[in-house]
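# Chains, contacts and geometry: an overview
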Amino acid sequence: MSQDKLKTLEELQNIDLQIRDLAAAAEKHPQRLKQIENQKNSAKSQLDGLRGKLAENERARRQQTEMHGLEQEKVRKWETRLAELKTPREYAALARELDIAKKTNETASLELKRLLGEYEELKKSAAAAEVTLSEKEAVSAREGQEIGALLTAAQEQIKALEVQRAEAVAKCEHGLVAKYERIRKQRGGVAVAAVVGGTCKGCQMNIPPHMANLLRTGAEIQTCPSCYRFIYAAREQAPVAAEV
Ligand SMILES: [Zn+2]
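Residues numbered from 1 in each chain as written. Predicted model: local features only at pLDDT ≥ 70, side-chain atom pairs only at ≥ 80, totals over all residues.

## Some words on the environment of Asn38
Along the chain, the position of Asn38 falls in helix 1 (residues 2-84). Sequence spacing of Asn38 and Lys136 is 98 residues, and the spatial spacing of their C-alpha atoms is 9.7 Å. (Helix = DSSP H or I, 4+ residues; strand = E, 2+ residues; numbered from the N terminus.)

See below:
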């Protein structure tokens, strides 16, 4: 019975299209996950960068504080010694050194102030970056879970469809299934097409009228002369049950 064979092919086609759609939808999930992961990583490296700058700032401030302390110590010592100096030449020489030390001190003090201001700004930025990172982490965890669940569901659906598919294949002649597979590969995943008003819906080409007639009688399985897909006459609307 060619009608039964055709029905099974239609069933097979229907299952294969469902599998194809599920697989295509599932493929988008890893892309989305990767995007979320990238956003999280960039928030993390932003924070790491700021933390690095904070550490650098702390180091620089320690250095400046140390230098400032040493210079102050020097200034104190030299000021004491200055009072004890006898000759104007010695006095002038030390006074000059003292001047330089005081200037160095002043510069260190200004630099320290600048570093402190920078530190406060960095602290604020780092706090904001921490908030951003924890937000991205939350999104990543939540969506990761959602996507994981979606993928599992899709895999289960596909598995169930594979079982149905194996049943449909078992009902079909081997040669017919092989032909079906061949056409499906060559024709973008669609091997069975309806004919509506004399037009093959697979390729939108008209089929010869005698073929359309044969299709209606359903004597044998037909293929479209243009796209070689299996064709079937589109079913009319369900006939109204005859009144008894
Ligand atoms: Zn066609």
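## As for the domain arrangement of the protein chain
Domain annotation for the protein chain reports domain 1 (26-156) and domain 2 (175-233). Distance from the C-alpha centre of domain 1 to the C-alpha centre of domain 2: 72 Å. (Domains from an automatic or database assignment.)

## Section: unusual backbone geometry
Although it is not a glycine, Gln204 sits at a positive phi angle of roughly 65°. Among the secondary structure elements, Gln204 is positioned in the loop between strand 2 (199-200) and helix 4 (209-217). The phi dihedral of Tyr228 is positive, around 65°, even though this residue is not glycine. Residue class for Tyr228 comes out partly exposed when judged on the 16 C-beta atoms lying within 10 Å of it. (Buried ≥ 20, exposed ≤ 12 C-beta atoms within 10 Å, placed from the backbone.)

## Things to note about the packing of helix 1 against helix 2 (residues 88-171)
Between helix 1 and helix 2, whose axes approach to 4 Å, the crossing angle comes to 165°. With respect to their mutual orientation, helix 1 and helix 2 come out roughly antiparallel. Pair helix 1 / helix 2 crosses with left-handed handedness. Considered class by class, the residues forming the contact of helix 1 with helix 2 number 41 nonpolar, 19 polar and 23 charged. (Axes fitted to C-alpha atoms, helices over the stretch in contact; angles between N-to-C directions. Parallel < 35°, antiparallel > 145°, perpendicular 65-115°, else oblique. Left-handed = near helix turned anticlockwise from the far one by under 90°. Nonpolar A, V, L, I, M, F, W, Y, C, P; charged D, E, K, R; others polar.)

## As for the sheet that holds strand 2
Taken together, the four strands give an open sheet; going across it, the order is 2-1-4-3, and neighbouring strands pair in mixed fashion. A strand with exactly one partner marks an edge of an open sheet, and here the two such strands are strand 2 and strand 3 (222-223). Of the strand pairs in this sheet, strand 1 (residues 192-196) and strand 4 (residues 230-233) are connected by four bridges, and their pairing is parallel. The residue bridging Val195 from the neighbouring strand is Ala233, located in strand 4. Sitting on the sheet, helix 1 touches strand 1 and strand 4, and the angle it makes with strand 4 is about 110°. (Pairing = 2+ DSSP bridges. Contact = placed C-beta atoms within 7 Å.)

## A few points about the nonpolar core
A general trend in soluble globular proteins is that nonpolar side chains are found buried together. Ranked by internal contacts, the top residues of the largest apolar core, which has 18 residues, are Leu9, Val192, Val195, Cys200, Phe230, Ile231 and Tyr232. Counting residues per element, the ones that place at least two in this core are helix 1, helix 3 (174-186), strand 1 and strand 4. The element best represented in this core is helix 1, accounting for four residues. If we skip the residues at most four places from it in the chain, Val195 touches Cys200, Lys201, Ile207, Ala212, Leu215, Ile231, Tyr232, Ala233 and Ala234. (Core = buried A, V, L, I, M, F, W, Y, C linked by C-beta atoms within 7 Å.)

## A few points about the pairing of strand 4
Where strand 3 lies against strand 4, two bridges are found, and the strand directions are antiparallel. The residue bridging Thr223 from the neighbouring strand is Phe230, located in strand 4. Connecting strand 3 to the next strand, strand 4, in antiparallel fashion are six residues, including Tyr228 with a positive phi near 65°.

## Quick notes on the confidence of the model for the protein chain
In this model, the protein chain carries a mean pLDDT of 91, and residues with pLDDT of at least 70 account for 96%. Considering only residues more than four positions removed or in separate chains, one finds that residues 237-244, a stretch of pLDDT under 50, has zero contacts. (pLDDT = per-residue confidence, 0-100.)

## Re helix 3
Taking 1.5 Å of rise per residue, the 13 residues of helix 3 would be expected to cover 18 Å, and the 19 Å separating its terminal C-alpha atoms lies within 8% of that figure. For helix 3, the complete set of buried residues consists of Tyr180, Ile183 and Arg184. Taken down its axis, helix 3 places every buried residue within 100° of arc, on the same side. Exposed residues on helix 3 whose side chains face more than 90 degrees from its buried face are His174, Gly175, Ala178, Arg182, Lys185 and Gln186. Contacts made by the buried residues of helix 3 are with helix 1. Just downstream of helix 3 lies Gly188, where phi reads positive at about 55°. (Expected span 1.5 Å × (residues − 1). Arc of directions from axis to C-beta.)

## Focus on helix 1
For helix 1, built from 83 residues, the straight-helix expectation of 123 Å at 1.5 Å per residue is met to within 8% by its first-to-last C-alpha distance of 124 Å. If you check which residues of helix 1 are buried, you get Leu6, Thr8, Leu9, Leu12, Gln13, Ile15, Asp16, Ala43, Leu47, Gln64 and Glu71. Turning to helix 1, the residues buried within the fold contact helix 2, helix 3, strand 1 and strand 4.

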